[in-house]
Amino acid sequence: MTGRNAAFDFAKAAAVLTDTAARAGAAIMEHFHGPAEVKLKDDSSPVTLADKDSEAIILKDLKRLAPDIPVVSEEAADESSGELGDRFFLVDPLDGTKEFIKKRGDFTVNIALIDRGCPSFGLVYAPARALLAVTVADGEAIEAELPPSASGADLAKLRQKWLKVRAADPEGLTALVSLSHLDPETEAFLAKLKIAKRSGAGSSVKFLEIARAEADVYPRFGPTMEWDTAAGQAVLEAAGGRVVTTNGEPLRYGKTSAGLRNPSFIAWGR
């Protein structure tokens, strides 16, 4: 998998990074069960030792997996600069830090490969739920039960289930809303739809709920960064869903001129 133009090996990446996720999850959960050691970053968002420990594990394994592909990680984002090229990894070592601090289980490890602006490979791991979702081939994603483990894990030995979004129920949609970022724009958007049920969730778990055929739509009008969404989008789109801006265009990546910030978007099932 070396070389910037070499074909990306989804199966190998899924296997290697499943092992990575299990170990990163174990590091996170060790902090989760203890007192949260929280610091504020320059933008006033929280960061914990769990973020740092998870990131160290992920970055080391990505360097071993694909040394020629650059990595942009949330906690080291200030160290990335300029053009990213056609292919790069986006990493959020602990998405949903606020949920983590509040001792809620809706936090995830996110790893994505961006290829010419599109998220192709994606891994989302919710260690508190022992839930793994990962793309195993172009346009194919699976979920598996994966308990956190400091000794790692073997994807081939996990019971896997294909991820496929569901068709919308004509009686009404199940909408996902952010636990931490519900705003008037979201309420106005949902008011235009036939909503039968609302469900709250944090982090990239919302993308997984749609990919797992448990929900239909997730609108997000508040601020997000590219590393927040790339892995979840890759998994959801491999499961047959889509993520679009409010103009109906695909949500794209590598927006360095925007500081890697996302516009508002909507994630849909079928």
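This part is about the overall build of the chain. Across its full length, the chain holds six helices and 14 strands. Rg of the C-alpha trace for the chain: 17 Å, near the compact-globule value of 18 Å for 270 residues, within the 12% margin. Judged by the C-alpha coordinates and their principal axes, the chain covers about 50 × 45 × 40 Å. Looking at the 270 residues of the chain, the share that counts as buried comes to 54%. Carbon and sulfur atoms make up 49% of the accessible area of the chain, which amounts to about 12100 Å² in all. The positive charge centre, built from 33 side chains, and the negative charge centre, built from 39, are 3 Å apart in the chain.

Before going further, it helps to spend a moment on the sheet that holds strand β3 (residues 71-73). Strand order in this open sheet of seven strands is β3-β4-β5-β6-β7-β8-β9, and the pairing throughout is mixed. The open sheet has two edge strands, β3 and β9 (160-162), and neither has a second partner. Looking at each pair of strands side by side, their axes are set apart by 25° on average, direction ignored. Inspection of the sheet shows strand β4 (residues 87-95) paired to strand β5 (residues 108-115) by seven bridges, in the antiparallel sense. Looking at β5, one finds that Arg 87 is bridged to Asp 115. Of the strands in this sheet, β3, β4 and β5 touch helix α2 (residues 49-65), which is tilted by about 155° from β4. Helix α6 (residues 226-238) rests against β3, β4, β5, β6 (118-126), β7 (131-137) and β8 (140-145) of the sheet, and its axis sits at about 100° to β6.

Another aspect to go through is the nonpolar core. Grouped together as the largest cluster of nonpolar side chains are 39 residues, with contacts concentrated most on Phe 121 and Leu 123. Those elements that place two or more of their residues in this core are α1 (10-32), α2, β4, β5, β6, β7 and β8. Broken down by element, the residue count for this core peaks at twelve residues, all from α1. Setting aside anything within four residues of it in sequence, one finds Leu 123 in contact with Leu 17, Thr 18, Ala 21, Val 109, Asn 110, Ile 111, Leu 132, Ala 133, Val 134 and Ala 231.

Our next topic: the pattern of salt bridges. One pass over the full model with this rule turns up 14 salt bridges. The residue Arg 23 makes a salt bridge to Asp 19 at a minimum N-O spacing of 3.1 Å. Of this pair, Arg 23 and Asp 19 both sit in helix α1, separated by four residues, roughly a single helical turn. Linked by salt bridges that have partners in common, Asp 106, Arg 129, Glu 143, Glu 209, Arg 212 and Glu 214 make up one network.

So, on to the pairing of strand β14 (residues 265-268). The side chains of a regular strand alternate, first on one face of the sheet and then on the other. By the bridge criterion, four bridges tie strand β12 (residues 217-220) to β14 in an arrangement that is antiparallel. The residue of β14 that forms the bridge with Pro 219 is Ile 266. Both strand β13 (residues 242-245) and β14 contribute to a ladder of four bridges, which runs antiparallel. Paired with Val 244 across the strands is Ile 266, a residue of β14.

Moving on, we get to helix α4 (residues 184-191). Every α-helix carries 3.6 residues per turn, so stepping three or four residues along brings you back to the same face. The complete set of buried residues in α4 reads Thr 186, Phe 189 and Leu 190. Summarising the axial view, the buried residues of α4 lie within an arc of 95°, below the 170-degree limit, and thus occupy one face. Exposed positions of α4 whose direction lies more than 90 degrees from the buried face are Pro 184 and Ala 191. Buried residues along α4 sit in contact with β10 (173-178), β11 (195-201), β12 and β14.

Let us look at unusual backbone geometry. Notably, Arg 116 is not glycine yet its phi reads approximately 50°, a positive angle. Along the chain, the position of Arg 116 falls in the loop between β5 and β6. One non-glycine residue, Ser 203, lies in the positive phi region at around 55°. Tracing the backbone shows Ser 203 in the loop between β11 and α5 (205-211). Overall, the relative accessible area of 12% leaves Ser 203 in the buried class.

Now for the environment of Ala 168. Within the secondary structure layout, Ala 168 lies in the loop between β9 and β10. In sequence terms Ala 168 and Ala 258 are 90 residues apart; their C-alpha atoms lie 34 Å from each other. Not counting residues up to four positions away in its chain, the partners in contact with Ala 168 are Leu 173, Asp 216 and Arg 270.

Our focus in this paragraph is the packing of α1 against α2. Packing of α1 against α2 brings their axes to within 8 Å, and their N-to-C directions diverge by 160°. As judged from the angle between their axes, α1 and α2 are roughly antiparallel. Where α1 crosses over α2, the two elements pack in a sense that is right-handed. Contacts from Lys 12, Ala 13, Val 16, Leu 17, Thr 20, Arg 23, Ala 24, Ala 27, Ile 28 and His 31 of α1 reach α2 at Leu 49, Ala 50, Asp 53, Ser 54, Ile 57, Ile 58, Asp 61, Leu 62, Arg 64 and Leu 65. By residue class, the composition of the contact of α1 with α2 is twelve nonpolar, three polar and five charged.

Procedures and definitions
Residues numbered from 1 in each chain as written. Predicted model: local features only at pLDDT ≥ 70, side-chain atom pairs only at ≥ 80, totals over all residues. Heavy atoms only, no water. Helix = DSSP H or I, 4+ residues; strand = E, 2+ residues; numbered from the N terminus. Rg over C-alpha atoms; globule rule 2.2 N^0.38 Å. Buried < 20%, exposed > 50% of the residue type's maximum accessible area, 1.4 Å probe, protein only. Areas by Shrake-Rupley, 256 points an atom, 1.4 Å probe, with all protein chains shown as cover. Lys, Arg positive; Asp, Glu negative; His and termini not counted. Charge placed at Lys NZ, Arg CZ, Asp CG, Glu CD. Pairing = 2+ DSSP bridges. Axes fitted to C-alpha atoms, helices over the stretch in contact; angles between N-to-C directions. Contact = heavy atoms within 4.5 Å. Core = buried A, V, L, I, M, F, W, Y, C linked by side-chain atoms within 4.5 Å. Salt bridge = Lys/Arg side-chain N within 4 Å of Asp/Glu carboxyl O. Arc of directions from axis to C-beta. Parallel < 35°, antiparallel > 145°, perpendicular 65-115°, else oblique. Left-handed = near helix turned anticlockwise from the far one by under 90°. Nonpolar A, V, L, I, M, F, W, Y, C, P; charged D, E, K, R; others polar.

This is a description of form; function is not addressed.
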